[in-house]
Amino acid sequence: MPENNNFAKWYHKAVVYHIYTKSFKDSNSDGLGDLEGVINKLDYLNNGTENSLGIGAIWLSPFYKSPQVDHGYDISDYRSIDPVFGDLETFKKLVAECQKRNIRIIIDFVINHTSSDHLWFQESRSSRDNPKRDWYIWRDPKEDGSPPNNWLSVFGGPAWTLDKNTGQYYFHSFLPEQPDLNWRHDEVQEEMKNVARFWLDLGIDGFRIDAIEHLIEDSYLRDDPRNPDYVPLRDDPYLLNEHLFSKSQDDLSYCINALCELISEYPDKFIVSEAYVDIPKIVSLYRACEQKVHAPFNFNLMGKPWSATEYRDFVDRFEKALSQNDWPNYVFGNHDRSRLISRLGEEKAKIVAVILLTLRGMPFIYYGDEIGMSDVSIKPEDIKDPFATMVADIKFSRDPQRSPMQWSGEEYAGFSKVKPWLPVASDFKKKNVETELKDPDSILNLYRTLINFRNRTPALQYGSYRSLDTASPDIFAYVREHGEDKILVMLNFSDQKIKESPPFDRVRLICSTSRTAGENAEIKGGITLEPYEGCVLGIEKNS
Ligand code: GLC
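Residues numbered from 1 in each chain as written. Predicted model: local features only at pLDDT ≥ 70, side-chain atom pairs only at ≥ 80, totals over all residues. Heavy atoms only, no water.

1. Quick look at the site of the ligand
Phase 1: With respect to spatial proximity, 13 residues lie near the ligand, and among them Asp70, Asp210, Glu274, His335 and Asp336 are the closest.
Phase 2: Between arginine 208 and the ligand, the recorded distance is 3.1 Å, taken from a side-chain N or O atom to an oxygen atom.
Phase 3: Aspartate 336 is positioned with one of its side-chain polar atoms (N or O) 2.5 Å from an oxygen atom of the ligand.
Phase 4: Bound to the protein, the ligand loses 96% of the 310 Å² it would expose on its own.
Phase 5: When grouped by side-chain class, the residues that make up the shell around the ligand number three nonpolar, three polar and seven charged. (Near = heavy atom within 4 Å. Polar contact = N/O pair within 3.5 Å; in protein donor to acceptor, adjacent residues only side chain to side chain. Areas by Shrake-Rupley, 256 points an atom, 1.4 Å probe, with all protein chains shown as cover. Nonpolar A, V, L, I, M, F, W, Y, C, P; charged D, E, K, R; others polar.)

2. A few points about the pattern of salt bridges
Phase 1: A full pass over the atoms with the stated rule returns 40 salt bridges.
Phase 2: Measuring nitrogen to oxygen at the nearest pair gives 3.3 Å for the salt bridge that ties aspartate 268 to lysine 9. You can see aspartate 268 sitting in the loop between α7 (252-263) and β10 (270-273) and its partner lysine 9 sitting in the segment before α1 (10-13), a full 259 residues away along the chain.
Phase 3: With a relative accessible area of 37%, lysine 9 lands in the partly exposed category.
Phase 4: Aspartate 205 serves as the salt-bridge partner of arginine 104, at 3.1 Å between the closest nitrogen and oxygen. Of this pair, arginine 104 sits in strand β5 (residues 104-109) while aspartate 205 sits in the loop between α6 (186-201) and β9 (206-209), and the two are 101 residues apart along the sequence.
Phase 5: Note on arginine 104: relative accessible area 24%, which makes it partly exposed. (Salt bridge = Lys/Arg side-chain N within 4 Å of Asp/Glu carboxyl O. Helix = DSSP H or I, 4+ residues; strand = E, 2+ residues; numbered from the N terminus. Buried < 20%, exposed > 50% of the residue type's maximum accessible area, 1.4 Å probe, protein only.)

3. So, the nonpolar core
Phase 1: Core analysis: the biggest nonpolar cluster contains 146 residues, and Tyr17, Ile58 and Phe91 have the highest contact counts within it.
Phase 2: Ranked by residue count, the leading element in this core is helix α11 (residues 346-358), at eight residues.
Phase 3: By size, the runner-up hydrophobic cluster in this structure holds 16 residues, among which are Ala477, Leu488, Met490 and Ile523. (Core = buried A, V, L, I, M, F, W, Y, C linked by side-chain atoms within 4.5 Å.)

4. Things to note about the sheet that holds strand β7 (residues 160-163)
Phase 1: Strand order in the open sheet made by the three strands is β6-β8-β7, with antiparallel pairing throughout. Here the strands that pair on one side only, and so sit at the sheet edges, are β6 (138-139) and β7.
Phase 2: As paired strands, β7 and strand β8 (residues 168-171) are joined by four bridges and run antiparallel to one another. Along β8, the bridge assignment pairs leucine 162 with tyrosine 169. (Pairing = 2+ DSSP bridges.)

5. Focus: the domain arrangement of the protein chain
Phase 1: When its domains are assigned, the protein chain resolves into domain 1 (10-114 + 186-451), domain 2 (119-171) and domain 3 (464-539).
Phase 2: Put simply, the middle of domain 1 and the middle of domain 3, counted by C-alpha atoms, are 30 Å apart.
Phase 3: Across the boundary between the two partners, domain 1 contributes 22 residues, which contact 23 residues of domain 3.
Phase 4: When domain 1 packs against domain 3, the two sides together hide about 1900 Å² of surface, and 69% of this comes from carbon and sulfur.
Phase 5: For the domain 1 face of the interface with domain 3, the top three residues by lost area are Ala308, Arg312 and Ile351, together amounting to 29%.
Phase 6: The interface formed by domain 1 and domain 3 holds one salt bridge in total.
Phase 7: The closest approach of N and O atoms between aspartate 469 and arginine 312, which form a salt bridge, is 2.9 Å. (Domains from an automatic or database assignment. Contact = heavy atoms within 4.5 Å. Buried area = accessible area lost by both parts, 1.4 Å probe.)

6. Description of the environment of aspartate 180
Phase 1: Inspection of the secondary structure puts aspartate 180 in the loop between β8 and α6.
Phase 2: Note on aspartate 180: relative accessible area 0%, which makes it buried.
Phase 3: Aspartate 180 sits 100 residues away from serine 80 along the chain, and the two C-alpha atoms are 20 Å apart.
Phase 4: Not counting chain neighbours up to four residues away, the residues in contact with aspartate 180 comprise Asn112, His113, Trp135, Tyr136, Ile137, Phe171, His172, Ser173, Phe174, His214 and Glu217.
Phase 5: Within the local environment of aspartate 180, its side chain forms a polar contact with the side chain of asparagine 112, the two groups lying 3.2 Å apart.

7. Quick word on the side chain of serine 397
Phase 1: Checked against the element boundaries, serine 397 lands in the loop between α12 (386-390) and α13 (433-438).
Phase 2: Looking at serine 397, its side chain comes within polar contact range of the main-chain nitrogen of aspartate 399, at 3.1 Å.
Phase 3: With residues near it in sequence (within four places) discarded, serine 397 still touches Asp385 and Ala388.

If you want it as structure tokens, here you go:
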């Protein structure tokens, strides 16, 4: 990918920190994280010095008014804040405090569905001829009374629920309490744009669009084909079908473009959208936005086998597939997926930190990954995630990756003064912000060093990317380059020491996952990487 000097906006430079608001910091001792708690911890994210993480933007999980059946992803009023999290005044204060610190705010925008408590749905379900009836997707039962087709809910069971009052089924990609809006309806699109303007006018910088693939279904409601590879009990029940018709239809691109047009009314805004898709589909989602203010999340490395060649192959293919103005991103963790450390272990997770913060594009860090938080085991009686309850299988619970942030060794890890809504990890006395800040070898200090280095290094922020051929198949190496500024990244994916000779005469060690680098320590004649070592090196001029 050639160097492109148009990449000078905040979203080209910022490292994004994903705050699962309910679990970040409780300010009012009710066991739940809230917006005031986020404000209290902003200095940790960025206090203007390199003693803090150096975060450039936060993405906040939903804080809107909601019955909290899906922890805020079921919104009952798009223009107010749920009392659990605070109120609009607190939100305005958050915006002002973020602006002081140069932290941008991306808010979660759940537009595929509302809560069944939303007034729109209450009206829609009240009668077949209500003006809002078609704001949602209603269909008659089949002759035998069964649902209109075989579509499944992501959270288990059919995607249709019968509403006895009017004798029709309504469609829900997720829980019955999350009815899908009809995005082919002009009034729905217009109203959602007005909601977006409400938040943009309050000073936010962008949106993370939830479940974007689900916005548009087949208008003929054709049955999805069965998935021949489905293995009962092992697989998520949603995988019983191949979702050919129940999501991601062509008109999705019109919806994305409409959202891009809308945010382009405001300067400097950006949208990221949630879609678990492969490179060709990612590319089509980029194409949908003419203004180039949208990027679909790239979750692909999360599922790749641990192999230097697999990683290199993916990044090379991804870079090649993007066009000049597409802004890439990499995601290794979020509130829906098992924690990075629990999937890979600490050594590999440190390499991932290097990858995340040295590749081209927008890096997303899930809260707590920077201190090495792991999944927390939850007793069946403590389950809070409706997904696990719906499919009646604890292995699908997303609670383990949503445990309270570990701030200190105090009771409840300094998250709250009372018992939190989910249990705190048992290792919190060792793994917490306070302790790790004091330990130069901690994963937190690795993240801090990498982010701050990235923030002052144009080559890493918007330089070009080129992978290098290596003698060993276990090394993934690449160069990031902007003008005279050149950075070499070398990653040893194996548990063996490996000597490599990068094609540069003189490099200097900037940062490593397993050695304390004196800045400017010059390395000549090859480098021996320790098992699972990741190194960031400066390439000296003319070398
Ligand atoms: C998205 C969210 C997830 C939520 C679902 C339904 O996938 O990330 O947490 O449960 O949408 O809104």
